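Working through the structure, step by step
Residues per chain are reported as follows:
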Amino acid sequence: IGLWDTCQACAREGSLDSAISEVTPNDIHGFVESHPNLKAIAFNGKKSAQLFAKHIGAIPGIRLLRLPSTSPANAGVSWEDKVREWGKIKEYL
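Attention here is on the structure that accompanies the text. Going along each chain's sequence as written, the residues are numbered from 1 onward. Predicted model: local features are reported for residues with pLDDT of at least 70 only, side-chain atom pairs are reported and counted for 80 or more only, and whole-chain, interface and lining totals are derived from all residues. Processing note: side-chain calculations cover all non-hydrogen atoms of the structure and skip hydrogens and water entirely.

Re the layout of surface pockets
Convention followed: For each structure, a 1 Å grid was placed over the protein atoms alone; sets of points admitting a 1.4 Å probe that cannot get out are labelled cavities, open sets with protein on both sides within 12 Å along at least five of seven lines are labelled pockets, and lining residues have an atom within 4 Å of a point. Grid points are joined across faces, edges and corners, and a volume is the space filled by probe spheres set on the points. Secondary structure counts use DSSP, requiring at least four H or I residues in a row for a helix and at least two E residues in a row for a strand, with both numbered from the N terminus. Gly counts as polar in this scheme, as do all residues outside two lists: the nonpolar Ala, Val, Leu, Ile, Met, Phe, Trp, Tyr, Cys and Pro, and the charged Asp, Glu, Lys and Arg.
Roughly 360 Å³ of volume is contained in the second largest pocket. If you trace the second largest pocket, you find 15 residues lining it, with Asp-17, Lys-46, Lys-47, Ser-69 and Asn-74 closest to the centre. Of all the secondary structure elements, the ones that give two or more residues to the lining of the second largest pocket are α2 (46-55) and β4 (63-67). Per element, the largest residue contribution to the lining of the second largest pocket is three residues, and it comes from α2. In terms of residue class, the lining of the second largest pocket is built from four nonpolar, seven polar and four charged.

Quick look at the structure:
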């Protein structure tokens, strides 16, 4: 399992994801090329998936999984639901 951040750099006042602007994306294409066994990329929340879609888009042969944010600010989703949804990455282990 690899951990990845969509943003290499960005501007953000405060801690809300909705305040993210001026995004410089990381080089995911280089990462994918150097990891040919990669089958999926999971996103920690909706904003992460949205930024990836906006700045990078689809990558042939890679499944994109939008998972619920683990942030305490995402209190609308129960811990049990988060665990169930995050369990979807098991099929890629």
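Remarks on the pattern of salt bridges
The condition that has to hold: A side-chain nitrogen of Lys or Arg and a carboxyl oxygen of Asp or Glu constitute a salt bridge if their distance falls within 4 Å. Any residue under 20% of the maximum accessible area for its type is buried, any over 50% is exposed, and the rest in between are partly exposed; the area is computed with a 1.4 Å probe on protein chains only.
Applying the stated rule across the entire model yields three salt bridges. Taking the shortest distance from any N to any O, the salt bridge between Asp-81 and Arg-84 comes out at 2.7 Å. Separated by three residues within a single helix, Asp-81 and Arg-84 lie in helix α3 (residues 79-86), roughly one turn from each other. Here Asp-81 falls in the partly exposed class, since its relative accessible area comes to 30%. Here Arg-84 makes a salt bridge to Glu-85, at a shortest N to O gap of 3.6 Å. Via salt bridges that share partners, Asp-81, Arg-84, Glu-85 and Lys-88 belong to a single interconnected network.

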